[in-house]
Amino acid sequence: MKTNDINHVAIIMDGNGRWAEQRNLPRFSGHKKGLDVIPEVVEELINNKIKYVTLFAFSTENNFRPEEEKENLLNLLEFALNKVAKEIQKNKIKLSFIGDIEYLPKHLLKKIKNVTRNDEVKYDAELIIAWNYGGRQEIINVVNKLIKQNINHIDETHFEKLLYTSEIPNPDLIIRTGGQQRISNFMLWQSAYSEMYFTTKLWPDFNKKDVIKALKDFKKRNRNYGKTN
Ligand code: IPE
Ligand code: IPE
Ligand code: MG
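Note that the structure is predicted; figures quoted are calculated from it, not measured. (Residues numbered from 1 in each chain as written. Chains lettered and ligands numbered in written order. Predicted model: local features only at pLDDT ≥ 70, side-chain atom pairs only at ≥ 80, totals over all residues. Heavy atoms only, no water.)

Further remarks concern the site of ligand 2. As a structural note, the neighbourhood of ligand 2 is formed by Ile12, Met13, Asp14, Phe56, Ala57, Phe58, Asn62, Arg65, Arg176, Arg182 and Ser184. Note that an oxygen atom of ligand 2 is positioned 2.9 Å from one of the side-chain N or O atoms of Asn62. Arg65 is positioned with one of its side-chain polar atoms (N or O) 3.3 Å from an oxygen atom of ligand 2. The protein chains hide 78% of the 390 Å² of surface that ligand 2 would expose on its own. Taken together, the residues of the shell around ligand 2 break down into five nonpolar, two polar and four charged. (Near = heavy atom within 4 Å. Polar contact = N/O pair within 3.5 Å; in protein donor to acceptor, adjacent residues only side chain to side chain. Areas by Shrake-Rupley, 256 points an atom, 1.4 Å probe, with all protein chains shown as cover. Nonpolar A, V, L, I, M, F, W, Y, C, P; charged D, E, K, R; others polar.)

The next subject is the environment of Asn118. Relative to the helices and strands, Asn118 resides in the loop between helix 5 (106–115) and strand 4 (125–133). Classification of Asn118 by relative accessible area gives exposed; the value is 54%. For Asn118 and Ser96, which are 22 residues apart along the polypeptide, the C-alpha to C-alpha distance reads 9.2 Å. Look past the residues within four positions of Asn118 in its chain and what remains in contact with it is Lys94 and Tyr123. (Helix = DSSP H or I, 4+ residues; strand = E, 2+ residues; numbered from the N terminus. Buried < 20%, exposed > 50% of the residue type's maximum accessible area, 1.4 Å probe, protein only. Contact = heavy atoms within 4.5 Å.)

Attention now goes to the pattern of salt bridges. Tallied over the full model, the rule gives 13 salt bridges. Measuring nitrogen to oxygen at the nearest pair gives 3.2 Å for the salt bridge that ties Arg27 to Glu21. A residue is classified by how much of its surface remains accessible, and Arg27, at 30% relative accessible area, is partly exposed. Put simply, Arg221 and Asp217 hold a salt bridge, and the shortest N to O gap is 2.7 Å. (Salt bridge = Lys/Arg side-chain N within 4 Å of Asp/Glu carboxyl O.)

By the secondary structure assignment, Ile11 is in strand 1 (residues 8–12). As a C-alpha pair, Ile11 and Pro171 span 160 residues in sequence and 9.6 Å in three-dimensional space. When near neighbours in sequence (up to four residues on either side) are disregarded, Ile11 contacts Val41, Leu45, Thr54, Leu55, Phe56, Ile175 and Trp203.

A few words now on the packing of helix 3 (residues 38–47) against helix 8 (residues 208–219). Contact geometry of helix 3 with helix 8 gives a least axis separation of 8 Å together with a crossing angle of 40 degrees. By the criterion of interaxial angle, the relationship of helix 3 to helix 8 is oblique. Viewed along their axes, helix 3 and helix 8 form a crossing whose handedness is right-handed. In this structure, helix 3 uses Glu40, Val41, Glu44 and Leu45 to contact helix 8, whose residues at the interface are Lys208, Val211, Ile212 and Leu215. In the contact of helix 3 with helix 8, the residues fall into five nonpolar, no polar and three charged. (Axes fitted to C-alpha atoms, helices over the stretch in contact; angles between N-to-C directions. Parallel < 35°, antiparallel > 145°, perpendicular 65-115°, else oblique. Left-handed = near helix turned anticlockwise from the far one by under 90°.)

Moving on, we come to helix 5. Burial in helix 5 covers these residues: Leu108, Ile112 and Val115. An end-on view of helix 5 places all buried positions within 70 degrees of arc, on one side of the element. Among the exposed residues of helix 5, those pointing more than 90 degrees away from its buried face are Lys106, Lys110 and Lys113. (Arc of directions from axis to C-beta.)

So, on to the site of ligand 1. As a matter of local geometry, ligand 1 sits amid 13 residues, with Asp14, Gly17, Arg18, Arg27 and Arg65 nearest to it. Here an oxygen atom of ligand 1 sits 2.8 Å away from a polar atom, N or O, in the side chain of Arg27. Isolated, ligand 1 exposes 380 Å² of accessible area, and the fraction of that covered by the protein chains is 87%. Class assignment for the residues of the shell around ligand 1 results in three nonpolar, five polar and five charged.

Counting 42 residues, the largest nonpolar core has Val9, Ile11, Leu45, Leu55, Phe97 and Trp131 as its most contacted members. Counting residues per element, this core draws most heavily on helix 4 (residues 67–90), which supplies eight residues. Once residues within four sequence positions are removed from consideration, Val9 is found in contact with Leu45, Ile50, Tyr52, Val53, Thr54, Leu173, Ile175 and Leu215. Counting twelve residues, the second largest nonpolar core, distinct from the first, contains Phe56, Ile98, Ile128 and Ile174. (Core = buried A, V, L, I, M, F, W, Y, C linked by side-chain atoms within 4.5 Å.)

Before going further, it helps to examine the side chain of Gln190. Topologically, Gln190 is positioned in the loop between strand 5 (173–176) and strand 6 (195–198). A relative accessible area of 2% means that Gln190 is categorised as buried. Contact partners of Gln190, with chain neighbours within four places excluded, come to Tyr133, Glu138, Leu163, Thr165, Asn170 and Pro171.

Okay, the packing of aromatic side chains next. One pass over the full model with this rule turns up eight aromatic pairs. On the basis of an interplanar angle of 15 degrees and a centroid distance of 5.0 Å, the ring pair of Phe58 and Trp131 is categorised as stacked. Remark: Trp131 occurs in strand 4 and Phe58 occurs in strand 2 (residues 52–59); sequence separation between them is 73 residues. Residue class for Phe58 comes out buried when judged on its relative accessible area of 2%. Pairing Trp203 with Phe206 gives two aromatic rings, centres 5.4 Å apart and planes at 25 degrees, and the pair type is stacked. On the basis of relative accessibility, which here comes to 1%, the residue Trp203 falls in the buried class. Among the aromatic residues, ring-to-ring pairing joins Phe56, Tyr133, Tyr164 and Phe186 into one connected group. (Phe/Tyr/Trp six-rings, centres within 6.5 Å; stacked < 30°, edge-to-face > 60°.)

The following block contains the structure:
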């Protein structure tokens, strides 16, 4: 059996709202429970030697949700940053963000700057939070940078250097919970040859056993990259 190398796992964490609705709870409770399961899942991935874990937490299209829900999600982000800051530094995990976060309140940006500080520590793994992230927005940003610099010809390597993920390998595996089988504007460029794993489990129900299941499934895949073997 062919064994596949796996460096980067990205997760589209979907299904929080439905998890709450099924229990007659407000959507916020689903998001809260969704946050609670993150440490177990990330830890399991890192224990399985995954070096990069990306979590899709808020998309550019999620901006069209009601103000109250967006505010709840921002509060959860702040809560998470306060809680995990020490934890991830202790565990030698580097935290970074992709997406357009400049719109966030100043105090939150300051907090993000503090926890994503790039010091001389040698990290074991990197946790990437995709916040206000959209694949199309990311690509358009690159094009605008090129226009500004008057560059009229580039190649793929150059283009990749201008993406949010310039320092991050492309995801080998993208997991989407919640039953939908779509990419929802996530890593459009980077997912060109990612393996996809869809599960009907709602994100708040996802656990380390599900991580193992997804990784096992990935190992069976034959990654051709367009070639014949
Ligand atoms: C994913 O859960 C979290 C975000 C998109 C912020 P949803 O909130 O989309 O949950 P469902 O899809 O409505 O169940
Ligand atoms: C994708 O979930 C975005 C995140 C998980 C952050 P959505 O719930 O926003 O996606 P759609 O609307 O079902 O495509
Ligand atoms: Mg959803």
